[in-house]
Amino acid sequence: MVYVAVMGYGTIGSGVVEILDRNRSEVAKGAGEEVSVKYVLDLRDFPGDPVEEKLIHDFHILLEDPEVSVVVEAMGGLNPAYPFAKACLEAGKHVVTSNKALVAAHGTELLKIAREHHVNFLFEASVGGGIPIIRPLYRCLKGERIEEITGILNGTTNYILTKMDKEGSSFEAALKEAQDLGYAERNPEADVEGYDTCRKIAILTAMATGKEVNYEDIYTEGITRITDVDFRYAEQMGTSVKLFGSSRMDGEQVHAWVAPVMIGKNHPLYAVSDVFNGILVKGNMLGTSMFYGSGAGKLPTASAVVADIIEAVENRNSTVPLGWTEEKLEIAGMDTSAHRYFVRVSGKAEEKKAAVEKAFGEVQVIVLDGMDEFAVLTKKLAEADFRREATAFDTECCKNGESGILQMIRAEL
Ligand code: HSE
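All figures in this text were calculated on a predicted structure; none of them were measured in a lab.

### Examining the side chain of Arg344
Then, number 1: Along the polypeptide, Arg344 turns up in strand S13 (residues 338-346).
Then, number 2: Arg344 sits in the buried class, given a relative accessible area of 8%.
Then, number 3: A distance of 2.6 Å separates polar atoms of two side chains, one belonging to Arg344 and the other to Asp230.
Then, number 4: Filtering out sequence-adjacent residues up to four positions away, Arg344 remains in contact with Thr227, Val229, Asp230, Tyr233, Glu373, Phe374, Ala375, Gly404, Ile405, Leu406 and Gln407.

Have a look at this one:
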């Protein structure tokens with residue numbers, strides 16, 4: 001019998017307890033022996049819930065119990081998740097987590113401690129919820145040189161953008177609906193400002209390169225300035241706008257960023273809608289591969305945690321070689337990242353197209369009926385060049401007090 005302790009009885013922790021009970025025989029078959037929850041650690045009480053029998057409020061009970069060999073960290077946040085996870089690894093217990101904030105901020109150290117203590121620190125559920133992506137990177141794609149990972153990694157923002165796209169909702173209305181349905185937090189900043197996606201692409205980039213990624217080095221732009229007008233243009237163009245977390249390994253240079261991107265129907269991530277996540281991985285031999293599924297939610301995310309528990313049991317006496325070293329990955333600045341740009345400009349296309357083309361070169365013009373503005377799609381330009389030309393255009397345009405560029409969205413069309 002393997003004894004597990006679950007720290008945090010929230011959405012994911014309770015999902016793990018449920019799966020270990022409902023899929024008891026499948027889990028036992030996978031692990032080679034029965035897996036049982038011995039403790040559930042939470043500050044709260046749960047009167048009437050069967051978990052009461054296993055509920056503890058003192059971390060030291062599970063830490064000091066030699067029977068507990070695997071600890072699930074499902075508390076979220078960094079404190080006390082970080083000191084608790086660290087103490088468990090140092091005590092020779094395997095730690096499995098769904099907490100991307102913990103992995104992005106302290107993954108390097110926790111992986112090192114796990115190696116030193118011949119245990120495992122596993123985090124499949126930290127990216128893409130129930131979608132297998134971490135394990136494919138360290139097992140199935142081991143022989144590949146990863147050239148690109150681009151994902152729709154946040155279900156809440158994907159739900160909001162899908163509503164704006166399919167129903168013409170405003171950002172505010174779509175956000176409210178996401179909150180009412182329980183997808184978005186009351187304080188939705190981490191999702192809508194792209195911080196959640198930033199941590200997830202930091203983890204994937206570290207997995208792909210084998211080096212430590214400081215998530216603060218990743219350019220991060222959320223979806224709060226995307227409007228229903230942008231989607232009216234997108235509809236006319238047969239495109240959509242999605243929040244991407246992306247890293248592109250071009251020889252020695254690695255670009256990693258989070259930003260809304262306009263994509264067409266032929267893009268592999270175009271059909272990833274609502275709360276679903278999709279992750280595209282490009283390997284130098286593999287070509288493009290897609291991972292798709294439920295990127296959040298109780299049972300899908302808990303399912304990935306349970307798979308990691310089994311991985312830990314199967315490798316109880318050794319550390320699975322995964323993750324990254326302490327060598328720091330240098331992330332190239334956005335200035336050298338090249339994109340096409342969807343740009344909305346105030347005024348009439350027939351009056352301003354020449355000035356726009358003087359700035360950005362040949363462009364495709366998109367006009368919406370009844371609007372005192374138009375949009376263009378530029379060719380591919382490095383961001384430094386785009387910004388320089390945009391500033392020059394704006395300065396020229398605004399001489400008479402007019403506003404020039406109203407919006408810019410990177411485009412992959
Ligand atoms: N807030 C996250 C999302 C939860 O919406 O995808 C899963 O990490």
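### Digging into the site of the ligand
Then, number 1: With respect to spatial proximity, the complete set of residues near the ligand consists of Lys100, Asn154, Gly155, Thr156, Asp191, Asp196, Lys200, Gly295 and Ala296.
Then, number 2: Within the backbone of Gly155, an N or O atom sits 2.8 Å from an oxygen atom of the ligand.
Then, number 3: Side-chain polar atom of Thr156 to an oxygen atom of the ligand: 2.6 Å apart, as the coordinates give it.
Then, number 4: For the ligand, the accessible surface in isolation is 260 Å², of which the surrounding protein chains cover 81%.
Then, number 5: Of all the secondary structure elements, the ones that give two or more residues to the shell around the ligand are helix H7 (155-167) and helix H10 (195-209).
Then, number 6: Tallied by class, the residues present in the shell around the ligand amount to one nonpolar, four polar and four charged.

### Considering the pairing of strand S12 (residues 287-294)
Both faces of the sheet carry side chains from a regular strand, because those side chains alternate between them.
Then, number 1: Note that strand S11 (residues 276-283) and S12 share eight bridges and pair antiparallel. Across the sheet, the residue bridging to Lys282 is Thr288, located in S12.
Then, number 2: Counted between consecutive antiparallel strands, the loop separating S11 from S12 contains three residues.

### Looking at the nonpolar core
Then, number 1: Among the nonpolar cores identified, the biggest contains 116 residues, and Val16, Leu62, Phe121, Phe123, Leu204 and Ile309 are the most heavily contacted of them.
Then, number 2: No other element matches helix H12 (residues 298-314), which puts eight residues into this core.
Then, number 3: If we ignore the near neighbours within four places in the chain, the residues touching Leu62 are Ala5, Met7, Tyr39, Leu41, Ile56, Val68, Val71, Cys88 and Lys93.
Then, number 4: If you look at the next biggest cluster of nonpolar residues, it comprises 16 residues, including Ala349, Val363, Phe374 and Leu381.

### Comments concerning H10
In an α-helix there are 3.6 residues to a turn, and that puts residues three or four apart on one side.
Then, number 1: Between the first and last C-alpha of H10 there are 21 Å, a value that for 15 residues agrees with the 21 Å anticipated at 1.5 Å per step.
Then, number 2: Where burial is concerned, most of H10 is hidden: 11 out of the 15 residues are buried.
Then, number 3: Residues of H10 that are buried include every one of Asp196, Thr197, Cys198, Lys200, Ile201, Ala202, Ile203, Leu204, Thr205, Ala206 and Met207, and no others.
Then, number 4: The positive-phi residue at the C-terminal boundary of H10 is Gly210, with phi of around 75 degrees.

### A short note on the environment of Ala202
Then, number 1: Following the sequence through the fold, Ala202 ends up in helix H10.
Then, number 2: The class for Ala202 is buried, based on a relative accessible area of 4%.
Then, number 3: Here the alpha-carbon distance between Ala202 and Glu383, two residues 181 residues apart in the chain, equals 21 Å.
Then, number 4: Among residues more than four places away in sequence, those in contact with Ala202 are Val213, Tyr215 and Ile218.

### Focus: the packing of helix H5 (residues 100-116) against H10
Then, number 1: H10 packs onto H5 with a crossing angle of 55 degrees between their chain directions and a minimal axis gap of 9 Å. In terms of their interaxial angle, H5 and H10 are classed as oblique. Where H5 crosses over H10, the two elements pack in a sense that is left-handed. From H5, Lys100, Ala101, Val103 and Ala104 reach across to H10, where they touch Asp196, Arg199, Lys200 and Ile203.
Then, number 2: Residues that form the contact of H5 with H10 fall into these classes: four nonpolar, no polar and four charged.

How each quantity is defined
- Residues numbered from 1 in each chain as written.
- Predicted model: local features only at pLDDT ≥ 70, side-chain atom pairs only at ≥ 80, totals over all residues.
- Heavy atoms only, no water.
- Helix = DSSP H or I, 4+ residues; strand = E, 2+ residues; numbered from the N terminus.
- Buried < 20%, exposed > 50% of the residue type's maximum accessible area, 1.4 Å probe, protein only.
- Polar contact = N/O pair within 3.5 Å; in protein donor to acceptor, adjacent residues only side chain to side chain.
- Contact = heavy atoms within 4.5 Å.
- Near = heavy atom within 4 Å.
- Areas by Shrake-Rupley, 256 points an atom, 1.4 Å probe, with all protein chains shown as cover.
- Nonpolar A, V, L, I, M, F, W, Y, C, P; charged D, E, K, R; others polar.
- Pairing = 2+ DSSP bridges.
- Core = buried A, V, L, I, M, F, W, Y, C linked by side-chain atoms within 4.5 Å.
- Expected span 1.5 Å × (residues − 1).
- Axes fitted to C-alpha atoms, helices over the stretch in contact; angles between N-to-C directions.
- Parallel < 35°, antiparallel > 145°, perpendicular 65-115°, else oblique.
- Left-handed = near helix turned anticlockwise from the far one by under 90°.

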